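Each chain is listed here by its residues.
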Amino acid sequence: MDPNLQLMIYLIPTVVGLVLVLPIGRSLATPFSEKFPSLGSERGRVFFGLILTCLAGMAVSFQTLWISSKISEGGNFCASNSILSCDDVIGNSNYNTDPIFGIPWGGIGAAVFCILLYLVYSSSKEPNANWVTSYLKYGTYITFAGFFVIGLLIYYEIQMEKICQYCSTAHLANIAAFIGFLRLMRMNQGNEWNAV
Amino acid sequence: MKHTYDDEADVRTTVLIRVMALFFVGIMIIAATTSPIATGTKEGERAPALEGQFYNGVGWSDFNLESYWNSSWEEGDISGEWVVIEFMDTDCPYCVASAADMATNSQDFAGNSGWDGAKVNFIASATELDIPGHESSRAEIIAFRDKTADSGESCNGKDCASRPGSAHNFPYIDDLDQENMKKWKVSGTPSYYLIQPDGIIAWSSAEHPNDDIRDAIITLVPRAGVEA
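What comes next concerns the included structure. Please read all numbers here as calculations on a predicted model, not as lab measurements.

### Here's the deal with the packing of helix H3 (residues 42-72) of chain A against helix H7 (residues 165-189) of chain A
All names here are of chain A. Put simply, H3 and H7 touch, their axes get as near as 8 Å, and they point 155° apart. Judged on the interaxial angle alone, H7 and H3 are roughly antiparallel. Judged by the twist between their axes, the crossing of H3 over H7 is left-handed. The segment H3 lies against H7, with Glu42, Arg43, Val46, Phe47, Leu50, Thr53, Gly57, Val60, Ser61, Gln63, Thr64 and Ile67 engaging Tyr166, Cys167, Thr169, Ala170, Ala173, Ala176, Ala177, Gly180, Phe181, Arg183, Leu184 and Met187. Of the residues that constitute the contact of H3 with H7, the class distribution is 14 nonpolar, seven polar and three charged.

As structure tokens, then:
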């Protein structure tokens, strides 16, 4: 399968998740609220969008980890002469691991999205538990810290003059997750948390 | 006696198990479908990038080590071209002394003499060590490689043209800033690496300090009619 077509498997859920966590997601979710009652409330809609985003983020991170493993074997996945060439970015041994522990960025992304998924999924299952406030804060802090990593990785891409579309999808998932966690945290602190 | 049941903890545990299961499924899929090879300079690792400009006897142009690799190469295939990289300094006495061996080896294993094995390409990465008297330049690299007469360049205190051996016909990479040397974690010069056609390091002088690169080539590079 064409790698850019395969990317849609991750990009579409990420974009849908992003729309759902934004206020404009209400119009998108309304037609489905009869079948999925949780989408009828603002909180339920943001939770759903956030879970979708975290799942997509985790999946695309695993995909980048898989690509980096394949490239290390000598294979290729999405090599291209154009600016969009994830092989050139993920396969560049100068930039494809974190500078402290040498862990592939895809592995870090998968682990982080796994933690975020745990935070949001458990919060959605028991939204009125006393630990939810803390979990939503942790999620906001983690995704905010992700912006610094995104900044570093974009800097790397500028250095290489290449863009990794799979990495960019994971970056978008982090941005969507930050918006979702932030909105949930504010809702949780305000009066609209239990509003139907 | 009153029991207090913590239902919330149960939710978190259930979710944790589900999410962890998902994570490990992902890890297992990657483990089952790939065999990652680390990038590094130890034997069995994938050779890191070697960048810079190289001199090939005519002028300086961009060098790309990856252009030598053939990912479909299989062990024993003699049509694949191997690579020997020498990290050297034109003022290092051992490098000057080994220049004759490099000239001989590069000619003997080039595939056009009596050698019946796979072709071996030779590359030198010339640096400037942080030692007094080791000041170098591109002009000195050219004079060392070509044995240019009356160049005015000094290699280890002598005219570069007087170094042992014939002129080299293989590329010399400008690594005067030591960038490649540091990336490859080369501790001293000369250092040699024998690399397979698929980019995997087959032999490193750092791991065999008492062995010779020529012996490594004869032992490891496949030859016609000889099983590896």
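### A look at the pattern of salt bridges
Residue and element names in this part refer to chain A. Counted by the stated rule, this structure contains ten salt bridges over all chains. In this structure, arginine 26 and glutamate 42 form a salt bridge, with 3.1 Å as the shortest nitrogen-oxygen distance. With arginine 26 in helix H2 (residues 25-29) and glutamate 42 in helix H3, this residue pair connects regions lying 16 residues apart in the sequence. Here aspartate 88 ties to lysine 162 by a salt bridge, and the two come within 3.7 Å at their closest N and O atoms. You can see aspartate 88 sitting in helix H4 (residues 86-90) and its partner lysine 162 sitting in the loop between helix H6 (132-160) and H7, a full 74 residues away along the chain. Exposure remark for lysine 162: the relative accessible area of 15% places this residue in the buried category. Connected through shared salt-bridge partners, Arg26, Glu42, Arg45 and Arg183 make up one network.

### Focus: H3(A)
Relative to the 45 Å expected for 31 residues at 1.5 Å per residue, H3(A) spans 45 Å between its end C-alpha atoms, a close match to the ideal helical length. One or two steps after H3(A), the chain reaches A:Gly74, where phi turns positive at roughly 105°.

### Topic: the sheet that holds strand S8 (residues 191-195) of chain B
All names here are of chain B. As summarised here, the arrangement of the seven strands in space is S2-S1-S7-S4-S3-S8-S9, forming an open sheet in which the pairing is mixed. Edge positions in the sheet fall to strand S2 (60-64) and strand S9 (201-204), since each of these pairs with one other strand and no more. Each strand axis lies, on average, 30° off the axis of its neighbour in the sheet, ignoring direction. Here strand S1 (residues 51-55) runs beside S2; their pairing, made up of five bridges, is antiparallel.

### What to know about the state of the cysteines
A full pass over the atoms with the stated rule returns two disulfides over all chains. Across the disulfide from A:Cys164 sits A:Cys167; the S-S distance is 2.1 Å. Torsion about the S-S bond of the A:Cys164 and A:Cys167 cystine: about 80°, corresponding to right-handed handedness. Two residues, B:Cys155 and B:Cys160, share a disulfide whose sulfurs are 1.9 Å apart. When the S-S torsion is 90°, as for the bridge of B:Cys155 with B:Cys160, the disulfide is right-handed. The exposure classification of B:Cys155 matches that of B:Cys160, with both residues buried.

### Focus: the side chain of B:Thr127
Residue and element names in this part refer to chain B. Mapped onto the fold, threonine 127 is located in strand S4 (residues 120-127). For threonine 127, a relative accessible area of 1% gives the class buried. At 2.8 Å, the side chain of threonine 127 and the backbone oxygen of aspartate 175 are in polar contact. Leaving out residues up to four positions away in the same chain, threonine 127 has contacts with Met88, Asp89, Thr90, Asp175, Leu176, Gln178, Met181 and Thr189.

### Notes on the interface of chain B and chain A
When the parts of a complex come together, some accessible area is lost, and that lost area is often taken as the interface size. The partner chain A presents 26 residues to the 24 residues of chain B that form the contact. Counting each side, the surface lost to burial between chain B and chain A is near 2,200 Å², with a carbon and sulfur contribution of 68%. Along the contact surface separating chain B from chain A lie zero salt bridges. At the junction of chain B with chain A, the criterion picks out seven residue pairs in polar contact (both at pLDDT 80 or more).

### Considerations on the pairing of S9(B)
All names here are of chain B. Of the strand pairs in this sheet, S8 and S9 are connected by three bridges, and their pairing is antiparallel. Bridged to leucine 194 within S9 is tryptophan 203. Counting the residues between successive antiparallel strands, the hairpin from S8 to S9 contains five residues, one of them, glycine 199, with a positive phi of roughly 90°.

### Considering the pairing of S1(B)
All names here are of chain B. In sequence, S1 turns back onto S2 through a hairpin of four residues, with glycine 57 there showing a positive phi of about 105°. The pairing of S1 with strand S7 (residues 172-175) spans two bridges and is antiparallel. Looking at the pairing, phenylalanine 54 lines up with isoleucine 173 of S7.

What counts as what
Each chain carries its own residue numbering, running from 1 in the written order of its sequence. Each chain takes a letter, starting from A, and each ligand takes a number, starting from 1, following the order in which they are written. The model is predicted, so local features are restricted to residues of pLDDT at least 70 and side-chain atom pairs to those at 80 or more, both for listing and for counting; the totals for chains, interfaces and linings are taken over all residues. Hydrogen atoms and water are omitted, and side-chain values are computed over all heavy atoms in the structure. Only the stretch in contact is used when fitting a helix axis, every axis being a line fitted to C-alpha atoms; angles between N-to-C directions are given from 0 to 180 degrees. Helix numbering and strand numbering both begin at the N terminus, where a helix is a DSSP run of H or I of at least 4 residues and a strand a DSSP run of E of at least 2. Any angle that falls under 35 degrees is termed roughly parallel, while one over 145 is termed roughly antiparallel, one within 65 to 115 roughly perpendicular, and all others oblique. What makes a crossing left-handed is the near helix being turned counterclockwise from the far one by less than a right angle; a clockwise turn instead makes it right-handed. Every residue pair with non-hydrogen atoms within 4.5 Å of one another is taken to be in contact. Each residue is assigned to one of three groups, with Ala, Val, Leu, Ile, Met, Phe, Trp, Tyr, Cys and Pro labelled nonpolar, Asp, Glu, Lys and Arg labelled charged, and all others, Gly among them, labelled polar. For this analysis, a salt bridge means a side-chain nitrogen from Lys or Arg found within 4 Å of a carboxyl oxygen belonging to Asp or Glu. In this scheme, a residue with accessible area under 20% of its type's maximum is buried, one over 50% is exposed, and one in between is partly exposed, where area comes from a 1.4 Å probe on protein chains only. Given a helix with a known number of residues, its expected span is that number minus one, times 1.5 Å. Note: two strands are recorded as paired if DSSP finds a minimum of 2 bridges between them. Put simply, a disulfide is two cysteine sulfurs that come within 2.5 Å. Pairing of N or O atoms within 3.5 Å defines a polar contact, subject to two protein rules: one partner must be a possible hydrogen donor and the other a possible acceptor, and residues neighboring in sequence count only if both atoms are side-chain atoms. Simply put, the buried area is the total loss of 1.4 Å probe accessible area from both parts when two parts are fitted together.

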